[in-house]
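Results of the structural survey
Listed below are the residues making up each chain.
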Amino acid sequence: MSLSVVVTGASGDLGRELALHHAAPGTTLCLFGRNRERLTETADLCKAKGATVASHIADVVNMQLMTKLLLDHDNAHPVDRLYVNAGISGSVGADQKSEAVDQLVAIMSVNATAAMATAAAILDRMRQRGTGQIVFVASLAALYGFPNTPAYSASKSAILTYGLALRRLACSDRVGITVACPGFIESAMSRRVDGPKPLMVTASEAAGRIVRGADGNRATVMFPIALWIGITLLKLLPPILQRPFLRLFHYDVRG
């Protein structure tokens, strides 16, 4: 059985593992990334497993180019699954000042606006065919506005809301939408985050959980469960009781 899979952010750790999970004879992979060397490595690994691979050096914020490349690929290999995985992180500095405007704009542009545009480029074609799956990679940060990563938390919250709204829109056309909200993943992105990283999982384990959730057409895939429960309970506490917990993770909450 042939399968056409698109992965954005494929030059990153999680994107590579998502691509490798599907790499097999009969699978056509379309990979997008910004790091040429790492994207080439990912493509070669997938080819070694028997997949047919097309890779593109592209920035997802270049929506005109992304839309053209996505539609060109869909014309040749109608997309069965799209992983909207590209993303960047950012945090408040040690001085606890607000995020710089250019950082804030970049995070929202990549993680939210470009992610929505990537999905929108292909969604109606999937709906017309009556088949397909779009998987958004958000974060458990979507559930709570962490004070050291306000823009990142907001961008992932936007994708969670958008993905669930699309799920309701597209369900009657038999198109599935899944929003994955992982915690910390062993990756270059996580290594740039200061402070503790509780219950961190490998990129391979995270990809496996996301793929299994998408295979089951789950609305959300949230893990690790203990961290998800902890964040959910944290939101129920009054602010004065939230502060000691946040300080455990080096979040300097004043007031």
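Just so you know, these numbers come straight off a predicted model, no measurement behind them.

With that out of the way, let us pick up empty space enclosed by the protein. Rolling a probe over the atoms, with the probe sized like a water molecule, indicates the empty space that remains. Within the structure shown, the criterion is met by 1 cavity of 30 Å³ or more. By residue number, the principal contributor to the lining of the largest cavity is helix α4 (residues 101-129), which donates 4 residues. Its residues assigned to classes, the lining of the largest cavity comprises 6 nonpolar, 3 polar and no charged.

Next up on the list: the packing of helix α1 (residues 13-22) against helix α7 (residues 203-215). Where α1 contacts α7, the axes come no closer than 8 Å and their chain directions differ by 55°. On the basis of their axis angle, the class for α1 and α7 is oblique. Our pair here, α1 against α7, has a crossing hand that is right-handed. Within the contact between the two elements, α1 uses Asp13, Leu14, Glu17, Leu18, His21 and His22 and α7 uses Ala203, Ser204, Ala206, Ala207, Gly208, Ile210 and Val211.

Moving on to the environment of glycine 12. By the secondary structure assignment, glycine 12 is in the loop between β1 (3-7) and α1. For the pair glycine 12 and leucine 234, spaced 222 residues apart in sequence, the C-alpha to C-alpha distance is 30 Å.

Looking now at the environment of arginine 129. By the element assignment, arginine 129 lies in helix α4. Each C-alpha atom, one on arginine 129 and one on glycine 26, is 20 Å from the other, the two residues being 103 residues apart in sequence. When neighbours within four sequence positions are excluded, arginine 129 is seen to be in contact with Asp74, Pro78 and Val79. A distance of 2.9 Å separates a polar atom in the side chain of arginine 129 from a polar atom in the side chain of aspartate 74.

This paragraph deals with the pattern of salt bridges. On inspection of all chains with the given rule, the structure shows 9 salt bridges. Among the salt bridges present, the one from arginine 129 reaches aspartate 74, with a minimum N-O distance of 2.9 Å. Of this pair, arginine 129 sits in helix α4 while aspartate 74 sits in helix α3 (residues 63-76), and the two are 55 residues apart along the sequence. Take arginine 129: its relative accessible area is 33%, and that puts it in the partly exposed class.

Each value, and the rule that gives it
- Residues numbered from 1 in each chain as written.
- Predicted model: local features only at pLDDT ≥ 70, side-chain atom pairs only at ≥ 80, totals over all residues.
- Heavy atoms only, no water.
- 1 Å grid on protein atoms, 1.4 Å probe; cavity = no way out; pocket = protein on both sides within 12 Å on 5 of 7 lines; lining within 4 Å.
- Points joined across faces, edges and corners; volume = space filled by probe spheres on them.
- Helix = DSSP H or I, 4+ residues; strand = E, 2+ residues; numbered from the N terminus.
- Nonpolar A, V, L, I, M, F, W, Y, C, P; charged D, E, K, R; others polar.
- Axes fitted to C-alpha atoms, helices over the stretch in contact; angles between N-to-C directions.
- Parallel < 35°, antiparallel > 145°, perpendicular 65-115°, else oblique.
- Left-handed = near helix turned anticlockwise from the far one by under 90°.
- Contact = heavy atoms within 4.5 Å.
- Polar contact = N/O pair within 3.5 Å; in protein donor to acceptor, adjacent residues only side chain to side chain.
- Salt bridge = Lys/Arg side-chain N within 4 Å of Asp/Glu carboxyl O.
- Buried < 20%, exposed > 50% of the residue type's maximum accessible area, 1.4 Å probe, protein only.

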